[in-house]
Amino acid sequence: MRKQSRQGTPSQPSPSQPSQPSGAVQSVERSLELLELMADAAGEVTLSELASSSGLPAPTIHRLLRTLIAGGYVRQEESRKYALGPRLIRLGESASRLLGSWARPCLDELMHATGETANLALLDGDKAVYVAQVPSRHAMRMFTEVGRRVELYCTGVGKALLAQMPDDRATALLKRADLQPRTPRTLTDHAALLTQLDTIRDQGYAVDDGEQEVGVRCVAVTVPDTPIATALSISGPAARITDEVVAHVAPELQQAAARLSAELRS
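Let me sum up the structure you'll find in this document. (Residues numbered from 1 in each chain as written. Predicted model: local features only at pLDDT ≥ 70, side-chain atom pairs only at ≥ 80, totals over all residues. Heavy atoms only, no water.)

1. Some points on the pattern of salt bridges
(1) Moving on: Tallied over the full model, the rule gives 14 salt bridges.
(2) Moving on: The closest approach of N and O atoms between Arg 148 and Glu 213, which form a salt bridge, is 3.6 Å. On the criterion of sequence distance, the pair formed by Arg 148 in the loop between strand 5 (127-134) and strand 6 (149-151) and Glu 213 in the loop between strand 7 (206-209) and strand 8 (216-222) is long-range, its members being 65 residues apart.
(3) Moving on: Of the charged contacts, one joins Arg 217 and Asp 243 as a salt bridge, the two residues approaching to 2.8 Å between their closest N and O atoms. Here Arg 217 is found in strand 8, whereas its partner Asp 243 is found in helix 8 (residues 243-265), with 26 residues between them in sequence.
(4) Moving on: Residue classification places Arg 217 among the buried positions, given a relative accessible area of 11%.
(5) Moving on: Looking at Asp 243, the relative accessible area reads 53%, which means it is exposed. (Salt bridge = Lys/Arg side-chain N within 4 Å of Asp/Glu carboxyl O. Helix = DSSP H or I, 4+ residues; strand = E, 2+ residues; numbered from the N terminus. Buried < 20%, exposed > 50% of the residue type's maximum accessible area, 1.4 Å probe, protein only.)

Below you can see the structure in the form of structure tokens.
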């Protein structure tokens, strides 16, 4: 007696056992992780450092890096270190412009609430870069060119960004910085700057008290839960941004940062 053959039906993944990502998706995820790790290391890193940070086998990392190098997203230096590649510049510039557009309504509200110029800045390697601004309506006001890169140790946005980092990373960035006095008020002592970062963490905002430009005061906060370290600030003449004004605008900045964070996550 012949057994009747039965045509099997494709097995479906059990609801309790979600399907694993495909090899292609996993490669994309790992490649993006490597780029993030390189960015965290100021854009340049060795293969062994990537292996230690990612937990991936060196042959896997090497294979992924070859693909990224071929696309221009990574380059290998003469030192044999791997660095972020030039093709990322165009992507970053486009993303920065979009972020500036998304943030503009928030900056506009902040300018009207405080009366001062509102700024948005991102961490860019060892510096901060301004990506959006809404100028004050006062005749005397502060202008910062969008795209301008500034030092972290002597600016409100820079110190706010440093304060949200772990101590070891903030210390490493300060050690790499050329701590030159921009004005008589600029702090150039590592220990004093680290103490100031503790104060910024405690109070929830940073103040540039004429440390970048004489007569200019800036109050800044970080935007929580963003993919890249981001800061909001208001800036204006020191004669107008008194200590009493700082106490008033700091909560406005914190509320604006929370709104922007929520909008970017939605």
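2. Side note on the sheet that holds strand 1 (residues 44-45)
One key point about sheets: their strands pair by backbone hydrogen bonds, in either a parallel or an antiparallel sense.
(1) Moving on: Across the sheet, three strands lie side by side as 1-3-2; this open sheet has antiparallel pairing. Every interior strand has two partners, whereas the edge strands, strand 1 and strand 2 (74-76), have only one.
(2) Moving on: With three bridges joining them, strand 2 and strand 3 (residues 82-84) adopt antiparallel strand pairing. Bridging from a neighbouring strand, Arg 75 pairs with Ala 83 of strand 3. (Pairing = 2+ DSSP bridges.)

3. A word on the sheet that holds strand 6
(1) Moving on: One open sheet holds the six strands; their spatial order is 6-5-4-9-8-7, and the pairing between them is antiparallel. This sheet does not close on itself; its edge strands, each paired only once, are strand 6 and strand 7. If you compare each strand with its neighbour and ignore which way they point, the axes differ by 30° on average.
(2) Moving on: With seven bridges joining them, strand 8 and strand 9 (residues 230-237) adopt antiparallel strand pairing. Bridging across to strand 9, Cys 218 finds its partner in Ser 235.
(3) Moving on: Across the sheet, helix 5 (residues 156-163) lies against strand 4 (117-124), strand 5, strand 6, strand 7, strand 8 and strand 9, angled at about 30° from strand 8, the strand it touches most.
(4) Moving on: In the packing of helix 8 onto the sheet, contacts are made with strand 4, strand 7, strand 8 and strand 9, and the angle to strand 8 comes to roughly 35°. (Axes fitted to C-alpha atoms, helices over the stretch in contact; angles between N-to-C directions. Contact = heavy atoms within 4.5 Å.)

4. Some details on the packing of helix 6 (residues 167-176) against helix 7 (residues 190-203)
(1) Moving on: Look at helix 6 against helix 7: their axes get within 11 Å of each other, and the N-to-C directions meet at 140°. Taken together, the axes of helix 6 and helix 7 lie oblique to each other. Classified by chirality, the crossing of helix 7 by helix 6 is right-handed. Where helix 6 approaches helix 7, its residues Asp 167, Ala 170, Thr 171, Leu 174 and Lys 175 are matched on the opposing element by His 190, Leu 193, Leu 194, Leu 197 and Arg 201.
(2) Moving on: The class makeup of the residues in the contact of helix 6 with helix 7 is five nonpolar, two polar and three charged. (Parallel < 35°, antiparallel > 145°, perpendicular 65-115°, else oblique. Left-handed = near helix turned anticlockwise from the far one by under 90°. Nonpolar A, V, L, I, M, F, W, Y, C, P; charged D, E, K, R; others polar.)

Read these as layout, nothing more, since geometry by itself doesn't imply function.
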